[in-house]
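Here is what each chain is made of, one letter per residue.
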12 protein chains.
Amino acid sequence: MIRILVLHGPNLNMLGVREEALYGQHTLHDINGLLETWAKKEGVQLEAKQSNSEGDLVTWIQEARGLFDAIVINPAAYTHTSIALRDAVLSAEVPTIEVHLSNIHRREEFRHHSYLAGVALGQISGFGATSYLLGVQAAVDHVQSTQSASS
Amino acid sequence: MIRILVLHGPNLNMLGVREEALYGQHTLHDINGLLETWAKKEGVQLEAKQSNSEGDLVTWIQEARGLFDAIVINPAAYTHTSIALRDAVLSAEVPTIEVHLSNIHRREEFRHHSYLAGVALGQISGFGATSYLLGVQAAVDHVQSTQSASS
Amino acid sequence: MIRILVLHGPNLNMLGVREEALYGQHTLHDINGLLETWAKKEGVQLEAKQSNSEGDLVTWIQEARGLFDAIVINPAAYTHTSIALRDAVLSAEVPTIEVHLSNIHRREEFRHHSYLAGVALGQISGFGATSYLLGVQAAVDHVQSTQSASS
Amino acid sequence: MIRILVLHGPNLNMLGVREEALYGQHTLHDINGLLETWAKKEGVQLEAKQSNSEGDLVTWIQEARGLFDAIVINPAAYTHTSIALRDAVLSAEVPTIEVHLSNIHRREEFRHHSYLAGVALGQISGFGATSYLLGVQAAVDHVQSTQSASS
Amino acid sequence: MIRILVLHGPNLNMLGVREEALYGQHTLHDINGLLETWAKKEGVQLEAKQSNSEGDLVTWIQEARGLFDAIVINPAAYTHTSIALRDAVLSAEVPTIEVHLSNIHRREEFRHHSYLAGVALGQISGFGATSYLLGVQAAVDHVQSTQSASS
Amino acid sequence: MIRILVLHGPNLNMLGVREEALYGQHTLHDINGLLETWAKKEGVQLEAKQSNSEGDLVTWIQEARGLFDAIVINPAAYTHTSIALRDAVLSAEVPTIEVHLSNIHRREEFRHHSYLAGVALGQISGFGATSYLLGVQAAVDHVQSTQSASS
Amino acid sequence: MIRILVLHGPNLNMLGVREEALYGQHTLHDINGLLETWAKKEGVQLEAKQSNSEGDLVTWIQEARGLFDAIVINPAAYTHTSIALRDAVLSAEVPTIEVHLSNIHRREEFRHHSYLAGVALGQISGFGATSYLLGVQAAVDHVQSTQSASS
Amino acid sequence: MIRILVLHGPNLNMLGVREEALYGQHTLHDINGLLETWAKKEGVQLEAKQSNSEGDLVTWIQEARGLFDAIVINPAAYTHTSIALRDAVLSAEVPTIEVHLSNIHRREEFRHHSYLAGVALGQISGFGATSYLLGVQAAVDHVQSTQSASS
Amino acid sequence: MIRILVLHGPNLNMLGVREEALYGQHTLHDINGLLETWAKKEGVQLEAKQSNSEGDLVTWIQEARGLFDAIVINPAAYTHTSIALRDAVLSAEVPTIEVHLSNIHRREEFRHHSYLAGVALGQISGFGATSYLLGVQAAVDHVQSTQSASS
Amino acid sequence: MIRILVLHGPNLNMLGVREEALYGQHTLHDINGLLETWAKKEGVQLEAKQSNSEGDLVTWIQEARGLFDAIVINPAAYTHTSIALRDAVLSAEVPTIEVHLSNIHRREEFRHHSYLAGVALGQISGFGATSYLLGVQAAVDHVQSTQSASS
Amino acid sequence: MIRILVLHGPNLNMLGVREEALYGQHTLHDINGLLETWAKKEGVQLEAKQSNSEGDLVTWIQEARGLFDAIVINPAAYTHTSIALRDAVLSAEVPTIEVHLSNIHRREEFRHHSYLAGVALGQISGFGATSYLLGVQAAVDHVQSTQSASS
Amino acid sequence: MIRILVLHGPNLNMLGVREEALYGQHTLHDINGLLETWAKKEGVQLEAKQSNSEGDLVTWIQEARGLFDAIVINPAAYTHTSIALRDAVLSAEVPTIEVHLSNIHRREEFRHHSYLAGVALGQISGFGATSYLLGVQAAVDHVQSTQSASS
């Protein structure tokens with residue numbers, strides 16, 4: 001059974017509450033609900049966590065080593081400022097997929113660069129809650145093709 | 001019936017022939033086959049074309065106006081140099097999704113910037129042929145939610 | 001009764017202890033005392049907190065939503081590095097005023113840029129403890145004029 | 001009796017006439033009125049002048065030497081282009097406070113940098129006419145604390 | 001009757017005297033003569049002024065409010081250094097057209113950027129005295145189409 | 001009889017169809033009609049062509065050598081990315097005038113730079129369809145003054 | 001028998017016609033003649049083609065795979081703007097040598113950078129028609145030493 | 001007895017587990033063991049701590065004031081992004097030495113700059129676990145020479 | 001008799017009054033006295049003027065045409081911001097020497113660049129009042145060698 | 001008889017000894033041998049020298065004036081840092097060709113720029129020892145065509 | 001017996017003579033004395049040399065090949081400008097450690113970058129004469145661990 | 001008796017031989033003759049030396065300590081690339097004046113920056129051989145005023 005860790009970065013606990021025009025009406029609870037429904041249907045084990053703290057996210061990525069087959073992370077503001085998250089992904093050696101609700105290339109210049117992208121498997125941005133669904137799907141696809149390749 | 005145009009940019013006709021380590025063993029013919037199989041299963045109308053010419057791609061995007069509900073495009077090298085493609089997407093007013101086989105953020109600096117991303121619905125990169133499959137799926141999802149919103 | 005949250009960023013707990021030439025002899029305790037005296041005199045409800053953790057500050061800003069009419073924050077070092085604080089202000093939708101003890105434009109180049117300023121109501125820097133007093137006054141002024149405008 | 005010179009830079013004579021959304025409905029005459037009322041109440045001597053000419057502003061700052069205890073200046077467009085104003089402040093050796101009606105950090109990139117800030121006592125921006133009131137208050141506060149320190 | 005103000009920036013009073021290879025043999029008097037002849041023929045009211053002072057030009061633009069329907073300005077050296085002129089155009093709210101005798105893109109790098117262009121209706125450069133004639137024509141055209149649109 | 005070639009770059013065939021707020025309601029057909037009417041009235045021979053292909057535009061400029069007295073070109077997106085167009089103008093040695101419908105200095109940063117401007121006679125931008133009319137007029141003016149100078 | 005493809009980029013069909021001071025009096029026909037004479041003497045098979053279209057050049061490079069042992073290309077203006085040519089060279093996997101008639105380092109800043117150079121075998125610039133002769137010679141030398149190494 | 005605080009930044013708890021080629025086979029436990037052995041031999045009091053949280057590291061540096069004679073810190077990813085750590089060192093006024101396992105100048109561009117270095121006593125990088133040993137030795141050397149100077 | 005115009009830019013009227021450490025104890029009156037003494041001894045006609053206004057300086061340079069053989073100017077703050085002064089020197093065609101009291105290369109980064117230097121005969125900086133004396137001497141030397149060359 | 005000076009810059013005396021993958025197995029002695037063989041066959045007088053000292057290379061270039069018809073130089077590391085070599089070439093006025101063993105555009109960013117290229121006749125890079133052979137050939141070709149042109 | 005070469009770059013022969021505040025009172029002779037004492041105690045063979053000439057330093061590094069097990073070098077000013085030293089280290093293939101007396105990150109911006117660091121084993125800066133002692137110790141440590149690894 | 005050392009940098013031994021338009025017809029011998037004549041007249045002891053080697057110039061500056069009262073140096077190409085010369089001036093602590101024959105601000109961008117200027121007493125450029133005469137005069141003036149100040 002494939003195990004996926006979904007991590008939500010800072011301020012994503014405010015989804016649905018703030019800035020609807022940019023992020024839509026879904027709360028974080030709604031998105032986690034969608035992901036769990038999908039996971040159940042696909043027979044995937046899925047855990048989702050949110051934190052406003054860079055250190056927590058680093059620690060959770062480290063702890064995923066051996067416990068999860070893939071990480072799907074929306075690093076939010078830390079996308080652009082955190083080298084620690086990048087190093088955590090390198091040290092955990094768990095395939096990691098970066099997702100964003102909004103299209104970061106349509107926003108302020110400083111949101112165009114991602115420190116994580118260079119060590120992630122891939123990046124998906126701009127599809128709202130669907131970005132997460134595509135992310136977990138890509139994760140499953142990657143784990144399966146890796147497993148079949150090594151079997 | 002949802003209609004999707006898939007456009008492949010320059011040198012993608014060489015897929016499977018060249019640089020396997022970077023782009024995988026799938027030929028463009030294989031990828032188009034995967035997309036057609038998916039389209040048939042999902043009941044989606046799908047057309048795929050490739051060109052090495054910037055002008056051809058611009059014209060095809062313009063002509064999609066009224067004929068297609070969404071475009072999924074891998075602009076390849078033109079991602080980073082073509083403002084004409086960007087303007088074509090603006091003028092056609094067909095929702096457009098940008099996909100890349102490789103993770104462009106892991107490659108040369110000049111491949112990190114996309115002129116298209118600022119006008120695309122979203123961007124998916126790094127999952128090989130799967131990037132296309134996620135792209136058409138995001139396209140269908142977007143068209144359906146727009147249609148249900150306006151109905 | 002107007003409610004104001006005063007937030008002190010990293011290392012401000014060391015005020016009065018360190019670098020007197022730059023920051024003056026007031027301890028953080030002294031500044032909070034000045035603010036409380038002012039608040040009592042003006043009939044304003046005021047709460048002050050300090051943290052060295054970016055995540056704590058983000059959470060406190062989020063929690064201010066609905067509980068406070070304005071935030072006066074000295075983000076200290078996080079002024080220049082934290083997009084998460086910026087996003088927190090955007091999501092909390094509480095008018096926020098940025099204050100600095102020292103004139104940040106007289107210091108190192110990397111202290112001239114503020115990620116917060118672009119979403120703050122305004123910025124006050126260079127007047128020592130007086131910066132805070134001007135900040136809470138500007139906050140009261142803003143809340144009153146907004147209330148009278150909407151009444 | 002504390003003496004304060006208030007200087008208004010180019011185009012501020014058009015306040016209230018132009019761009020209300022950005023600068024509010026107060027005319028320059030209104031702002032000077034507010035300042036005079038405040039001055040009378042506080043027992044402060046205050047003089048206010050406006051010019052569109054960089055040279056005039058330079059000369060007025062020079063002439064303040066010995067005649068005023070502090071300058072509160074809104075250099076407007078010259079904030080970003082005038083080194084002559086900066087040198088005037090250095091040569092006059094009168095404590096100078098920089099104020100702005102709008103939050104300059106929310107506007108075009110070229111308005112983010114101030115040549116004056118590096119030699120000013122401090123900077124206040126974003127509070128409309130209130131910026132001036134906070135500025136003169138900061139000026140009085142500074143003069144008083146300097147006088148008590150040297151007495 | 002359409003009223004147009006023509007403003008000439010610094011050093012344009014030296015035209016015909018200096019640097020013929022770059023600016024041609026026409027003196028400023030000649031150019032003003034050409035413009036007056038054209039104005040008489042077209043039934044347009046036209047006034048032309050020159051100054052070496054940034055402050056004068058700012059004031060003249062402000063005073064054009066309500067008195068002129070359009071401004072045609074060759075800001076010369078101030079094109080590249082004056083934000084005050086830009087703000088004056090914003091505050092006067094008179095449609096403004098920027099003209100240059102020489103092609104500024106063929107000259108030194110620092111002449112390629114214009115602070116005015118971002119708030120001007122349009123820019124014409126490189127046609128010598130003809131640049132002015134095209135400018136006043138564009139001004140008339142703009143005023144007429146605006147009037148017919150609002151009538 | 002003066003002969004002028006008018007060239008329209010990529011996506012200009014979509015005029016009137018797309019983005020009315022930015023480009024107005026005129027179709028390319030309308031603009032060519034205006035130009036032909038003007039040409040007939042002025043006794044000028046005028047030919048107009050559009051292409052989405054950089055190579056076509058290069059070839060048409062080359063072929064203008066000896067056949068046309070001037071070129072008026074709106075290079076659209078290729079303005080900012082094509083050195084080949086610049087070299088074509090250099091090699092054809094036909095006086096070339098660059099025109100733009102919108103004011104390129106009011107748009108994205110990457111639209112502020114023109115590779116063509118450095119070799120063009122002059123540049124006109126921001127007046128909608130009128131930009132073309134001013135352009136052909138400037139072309140006629142230039143050809144006549146050159147002819148009279150050499151006769 | 002060694003097979004070499006010589007490709008000429010945009011505007012090189014104008015050689016000898018334009019800008020003699022920079023490019024000399026040789027027409028493209030002359031240069032191709034020199035190359036054919038050399039090829040005949042050396043017993044090398046040589047084919048030369050020119051295009052103004054980026055897409056054509058990309059396609060010709062792709063088609064060289066298996067048919068030619070080396071490519072000698074003067075990408076002209078596309079040297080500095082085309083990532084598609086770079087990718088074509090990568091996908092074709094035919095050793096490619098970049099040549100320039102003029103010394104590109106003596107010209108405008110934007111001609112100093114080559115997207116092709118990073119994937120070419122080597123670069124020769126500044127010797128007029130001789131650049132091509134040195135290029136084909138280097139190509140032969142490379143093919144021979146590779147063949148002898150692998151035999 | 002000299003007292004030294006050794007601080008390990010984010011992800012260093014993964015040493016020996018991850019990326020052996022870059023960081024060697026020593027775990028953090030091994031390194032702390034080496035340091036304790038050395039400390040015992042030298043008669044130095046040494047305490048070592050690790051955290052993934054920027055705020056924790058800031059607080060520990062502050063608390064070192066008065067309790068330790070020197071700090072040896074490997075700030076890892078925070079080296080390049082944390083101004084808060086820099087300010088903590090300034091406020092604690094405990095001599096601080098920056099160490100790195102790998103040679104940061106051989107890695108990605110963004111790892112070449114250190115916010116800490118400007119306030120540290122010195123920097124040692126590239127010697128694996130030996131970097132720490134040299135660091136504590138330099139700390140002892142510095143404390144001793146300062147003490148002998150002031151005695 | 002050689003005629004030299006000496007121009008002093010903004011804030012130089014404050015010399016001797018302000019910032020003695022940087023500019024010395026000489027007042028502007030002293031410097032003009034030194035220059036007049038020198039002029040009398042050398043048999044040179046010399047006139048000195050100061051202004052805080054950019055426009056005045058531009059006008060005085062223009063008026064020097066035909067009346068003076070050389071200009072010695074200390075543009076002070078306008079050195080770094082005024083293109084109008086540069087153009088004035090170009091239009092007046094009077095040989096101009098740029099002098100500075102302090103060594104501008106030892107001061108803030110923004111004082112290292114001079115718009116005037118590119119059109120001046122030469123530049124002298126760093127010798128206090130002596131800079132002016134060397135400047136007028138260089139002017140005389142230049143005028144004499146030019147006169148002897150053309151006689 | 002044509003006389004050519006071949007100069008080898010710093011560290012080229014280590015060729016064949018170091019970094020074979022990058023520079024091949026030829027020692028400098030081998031390369032000089034190849035050049036001498038070629039020179040004898042072509043009837044050219046050739047002298048080759050190497051130095052690690054920038055000053056020596058400058059002096060040798062100066063001394064070539066009048067004694068040699070052309071210089072072929074591989075400036076190695078000094079390519080990117082020496083303006084003195086550039087000035088030496090300018091002052092010697094001997095046609096100079098720059099050669100490199102490796103393709104400098106495939107190496108570190110700081111090796112892409114050459115101070116010499118702007119004053120060299122041309123540049124050849126990437127062909128190993130063959131670069132030198134192409135260089136001396138280009139030199140002979142240039143000298144002969146210059147001589148025939150002037151005879 | 002381990003053999004270490006210590007190289008001192010330009011101006012280090014002036015140590016103790018100049019700028020005591022920055023470099024301390026030790027002369028170069030003192031430092032060499034310290035190193036010799038240490039070497040004798042540790043049973044290490046050590047040779048120290050100083051030169052103001054870049055070429056000499058290059059040559060000495062080359063000659064170390066085979067004669068020394070490690071180099072400890074303080075390249076002083078050449079740290080920031082010499083690519084030739086970098087190439088010498090690459091060609092000599094002797095492990096090299098870079099040391100600095102002062103903390104180069106506390107000095108001018110142009111002293112923050114080191115061309116050598118990218119090819120050195122590691123870098124030590126900021127500890128005065130102790131930097132050298134830590135450097136030779138690191139050298140010994142490295143040689144021993146390499147020898148034990150290969151034995 | 002005041003003692004002045006005059007140092008000429010690389011390629012200045014070619015003066016009069018090369019590039020007359022830029023540097024005039026004076027040979028270095030002529031310039032030294034002018035300086036000696038002046039020295040004899042003024043009763044100043046003067047020595048002049050030239051070298052193409054950076055190391056020689058560094059050494060000569062060091063040796064000036066105690067032997068000369070001032071240095072007048074034209075560092076030529078090393079102006080822009082040598083930090084070693086800057087450090088030599090700092091270590092020698094002999095007042096140093098930088099002179100240039102041509103106006104370096106009228107030449108290539110890379111000649112506008114001087115590493116020496118930041119530590120020189122002052123800089124004189126653009127007056128040909130006269131630059132040296134003004135330089136030695138400024139040196140004498142400086143030494144005399146320093147001596148009179150300290151006596």
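Within every chain, residues take consecutive numbers counted from 1 along the sequence as written. Throughout, the order in which chains and ligands are written sets their labels, letters from A for the former and numbers from 1 for the latter. A pLDDT threshold of at least 70 governs which residues receive local features in this predicted model, and a stricter bar of 80 or more applies before side-chain atom pairs are shown or counted, although totals over entire chains, interfaces and linings include all residues. The basis for every side-chain value is the complete set of non-hydrogen atoms in the structure, without hydrogens or water.

**Regarding the overall build of chain A**
Put simply, the test is: We count a stretch as a helix when DSSP gives it H or I for four or more residues in a row; a strand needs E for two or more, and each element gets its number in order from the N terminus. Based on C-alpha atoms, the radius of gyration is set beside the globule rule, defined as 2.2 Å times the residue count to the power 0.38. The cut-offs for exposure are 20% and 50% of the maximum accessible area for each residue type, with area from a 1.4 Å probe on protein chains only; residues under the lower value are buried, those over the upper are exposed, and the others partly exposed. By the convention used here, residues are in contact when the closest approach between their heavy atoms is within 4.5 Å. Lys and Arg are tallied as positive, Asp and Glu as negative. Neither His nor the chain termini are counted. A charged residue contributes its charge at one atom only: NZ of Lys, CZ of Arg, CG of Asp or CD of Glu.
Scanning chain A for helices and strands turns up six helices and five strands. Tracing chain A from N to C terminus, the helices and strands come up as β-α-α-β-α-β-α-α-β-β-α. Against the globule reference of 15 Å for 151 residues, chain A gives a C-alpha radius of gyration of 15 Å, in line with a compact fold. With respect to the principal axes defined by its C-alpha atoms, chain A has extents near 45 × 35 × 25 Å. Buried positions account for 64% of the 151 residues belonging to chain A. For chain A, contacts bridging at least 24 residues in sequence account for 77% of all contacts bridging at least 6. Side-chain charges in chain A split into 10 positive and 16 negative, and the spacing between the mean points of these groups amounts to 2 Å.

**Description of the sheet that holds strand S5 (residues 122-125) of chain H**
This is how it is decided: Pairing between two strands is assigned when DSSP locates at least 2 bridges connecting them. Note on method: axes are straight lines fitted to C-alpha atoms, helices fitted across the in-contact stretch only, with angles between N-to-C directions ranging 0 to 180 degrees.
Across the sheet, which stays open at both edges, the 10 strands sit in the order S2(H)-S1(H)-S3(H)-S4(H)-S5(H)-S5(K)-S4(K)-S3(K)-S1(K)-S2(K) with mixed pairing between neighbours. Both edges of this open sheet fall to strand S2 (45-50) of chain H together with strand S2 (45-50) of chain K, since each of them pairs with a single strand only. Geometrically, the sheet is characterised by an average inter-axis angle of 20 degrees between neighbouring strands, direction not taken into account. Bridging between strand S3 (residues 70-74) of chain H and strand S4 (residues 96-100) of chain H involves three bridges; their strand directions are parallel. The residue of S4(H) that forms the bridge with H:Val72 is H:Ile97. Contacts from helix H3 (residues 54-63) of chain K reach strand S1 (3-8), S2 and strand S3 (70-74) of chain K within the one sheet, and its direction differs from that of S1(K) by about 175 degrees.

**A word on the relation of the copies chain L and chain I**
This is how the line gets drawn: For this overlay, a least-squares fit was computed on C-alpha atoms, restricted to residues scoring pLDDT of at least 70 in both copies.
The transform that puts chain L on chain I rotates by 180 degrees and translates by 0.0 Å along the axis, for an RMSD of 0.0 Å. Both copies of the chain, as the preceding transformation shows, are related through a two-fold rotation axis. Relative to the rotation axis, the closest C-alpha in chain L is found at L:Ile124, a distance of 2.3 Å. Interface overlap between copies: 100% of the residues of chain L at the interface are likewise at the interface in chain I, consistent with a symmetric, same-surface contact.

**Some points on the interface of chain H and chain K**
Condition: The quantity reported as buried area is the accessible area (1.4 Å probe) lost by two parts once they are put together, taken as the sum for both. What counts as a salt bridge is simple: a side-chain nitrogen of Lys or Arg found within 4 Å of a carboxyl oxygen of Asp or Glu.
The interface of chain H with chain K comprises 20 residues on the first partner and 20 residues on the second. Of the roughly 1,700 Å² buried where chain H meets chain K, counting both sides, 51% is carbon and sulfur surface. When the area that chain H buries against chain K is broken down by residue, the three leading residues are H:His105, H:Gln123 and H:Phe127, summing to 28%. Where chain H packs against chain K, one counts zero salt bridges.

**Here we look at the pattern of salt bridges**
Applying the stated criterion across every chain yields a total of 72 salt bridges over all chains. When salt bridges with common partners are traced through the structure, they connect A:Arg86, A:Asp87, H:Glu108 and H:Arg111 into a single cluster.

**Observations concerning the packing of helix H2 (residues 28-42) of chain I against helix H6 (residues 129-150) of chain I**
Angle between the axes and distance between the axes are the two parameters that describe a pair of packed helices. Residue and element names in this part refer to chain I. The condition is simple: The crossing is said to be left-handed when, going from far helix to near helix, the turn is anticlockwise and less than a right angle, and right-handed when the turn is clockwise. Under this grouping Gly is polar, as are all residues other than the nonpolar Ala, Val, Leu, Ile, Met, Phe, Trp, Tyr, Cys and Pro and the charged Asp, Glu, Lys and Arg.
For the pair H2 and H6, interaxial distance at closest approach is 10 Å and the crossing angle is 30 degrees. For the crossing formed where H2 meets H6, the hand is right-handed. Contacts between H2 and H6 pair Ile 31, Leu 34, Leu 35 and Trp 38 from the former with Ala 129, Tyr 132, Leu 133, Val 136, Gln 137 and Val 140 from the latter. Here the contact of H2 with H6 is built from residues that sort into nine nonpolar, one polar and no charged.

**Description of the relation of the copies chain H and chain K**
Here two copies of a chain appear, and what relates them is a rotation about an axis with a shift along it. Overlaying chain H with chain K gives an RMSD of 0.0 Å, the required rotation being 180 degrees about an axis along which the chain moves by 0.0 Å. Comparing interface residues between copies, 100% of those in chain H also sit at the interface in chain K, which points to an isologous, same-surface contact.

**As for the interface of chain L and chain I**
Frequently, the measure chosen for interface size is the accessible area that the parts lose on association. Which entries qualify depends on this criterion: We call two N or O atoms a polar contact when they sit within 3.5 Å, provided that within protein one can donate a hydrogen and the other can accept it, with sequence-adjacent residues counted only if both atoms are side-chain atoms.
Counting residues at the interface gives 20 residues for chain L and 20 residues for chain I. The junction of chain L with chain I conceals about 1,700 Å² of combined surface from both sides, 51% of it contributed by carbon and sulfur atoms. Looking only at chain L, the three residues that lose the most surface to chain I are L:His105, L:Gln123 and L:Phe127, adding up to 28% of its buried area. Where chain L packs against chain I, one counts zero salt bridges. If you look at where chain L meets chain I, you find 17 residue pairs in polar contact (both at pLDDT 80 or more). Looking at the side of chain L that touches chain I, the elements that each hand over two or more residues are strand S5 (122-125) and helix H6 (129-150) of chain L. Among the elements that take part in the side of chain L that touches chain I, H6(L) stands out by supplying five residues, more than any other. The residue makeup of the side of chain L that touches chain I, split by class, is nine nonpolar, nine polar and two charged. By the bridge criterion, three bridges tie strand S5 (residues 122-125) of chain I to S5(L) in an arrangement that is antiparallel. Bridge assignment links I:Gln123 to a residue of S5(L), and that residue is L:Ser125.

**Points about helix H3 (residues 54-63) of chain C**
Along H3(C), seven of the 10 residues are buried, which leaves the element largely enclosed by surrounding structure. Among the residues making up H3(C), those that are buried are C:Glu54, C:Gly55, C:Leu57, C:Val58, C:Trp60, C:Ile61 and C:Gln62.

**Digging into helix H6 (residues 129-150) of chain D**
Given 3.6 residues per helical turn, the α-helix brings residues three or four places apart onto the same face. Convention followed: One less than the residue count of a helix, multiplied by 1.5 Å, gives the span that helix is expected to have.
Helix length check: H6(D), at 22 residues, gives a terminal C-alpha distance of 32 Å against a target of 32 Å (1.5 Å per residue), a fit within 8%. For H6(D), the set of buried residues is D:Ala129, D:Thr130, D:Ser131, D:Tyr132, D:Leu134, D:Gly135, D:Val136, D:Ala138, D:Ala139, D:Val140 and D:Val143.

**Some details on the sheet that holds S5(I)**
Taken together, the 10 strands give an open sheet; going across it, the order is S2(I)-S1(I)-S3(I)-S4(I)-S5(I)-S5(L)-S4(L)-S3(L)-S1(L)-S2(L), and neighbouring strands pair in mixed fashion. Each edge of the open sheet carries a strand with a single partner, namely strand S2 (45-50) of chain I together with strand S2 (45-50) of chain L. The average undirected angle you get between the axes of adjacent strands in this sheet is 20 degrees. Here four bridges tie strand S4 (residues 96-100) of chain L to S5(L), and the two strands are oriented parallel to one another.

**Quick look at the side chain of F:Glu54**
Mapping F:Glu54 onto the fold places it in helix H3 (residues 54-63). For the buried F:Glu54, no salt bridge is present, and the opposite-charge side chain at shortest range is G:Arg111, 11 Å distant. Of the polar contacts made by the side chain of F:Glu54, one reaches the side chain of F:Ser82; its length is 2.7 Å. Those residues within four positions of F:Glu54 in sequence are excluded, and the remaining contacts are B:Glu54, F:Tyr78, F:Ser82, F:Ala84, G:Glu54 and G:Tyr78.

**Description of the packing of aromatic side chains**
Filter applied, for reference: Two rings belonging to Phe, Tyr or Trp (six-membered ring only in the last case) form a pair when the distance between their centres is within 6.5 Å. Interplanar angles under 30 degrees mark stacking, angles over 60 mark edge-to-face geometry, and anything in between is tilted.
Following the criterion strictly, the structure yields 12 aromatic pairs over all chains and no others. Their ring planes at 75 degrees and their centres at 5.2 Å tell us that J:Phe110 and K:Tyr115 sit as a pair that is edge-to-face. One end of the pair, J:Phe110, is in the loop between strand S4 (96-100) and strand S5 (122-125); the other, K:Tyr115, is in the loop between strand S4 (96-100) and strand S5 (122-125), on a second chain.

**Some words on unusual backbone geometry**
If you check the backbone angles, D:Glu93 has positive phi at about 55 degrees while not being a glycine. Mapped onto the elements of the fold, D:Glu93 is located in the loop between helix H5 (83-92) and strand S4 (96-100). Assessed through its relative accessible area of 48%, D:Glu93 is described here as partly exposed. In this structure, H:Asn11 takes a positive phi of about 75 degrees despite not being glycine. Here H:Asn11 shows up in the loop between strand S1 (3-8) and helix H1 (20-23).

**Considerations on the confidence of the model for chain A**
Here is the rule: For every residue, the predictor assigns a confidence score, pLDDT, that lies between 0 and 100.
Averaged over chain A, the pLDDT score is 94; the fraction of residues at 70 or greater is 95%. Two numbers describe this predicted complex: its pTM, 0.94, and its ipTM, 0.93.

**As for the arrangement of the chains**
The two units chain D and chain G never meet; even their closest C-alpha atoms stay 25 Å apart. As for chain H relative to chain E, no contact occurs, and the smallest C-alpha gap between them is 29 Å.

**Some words on the pairing of strand S1 (residues 3-8) of chain A**
Residues and elements named next belong to chain A. Burial analysis of S1 places five of its six residues in the buried class, the great majority of the element. The sheet contact formed by S1 and strand S2 (residues 45-50) spans six bridges and is parallel. What sits directly across from Ile 4, in S2, is Leu 46. Of the strand pairs in this sheet, S1 and strand S3 (residues 70-74) are connected by five bridges, and their pairing is parallel. Bridge pairing in S3 links Ile 4 to Ala 70.

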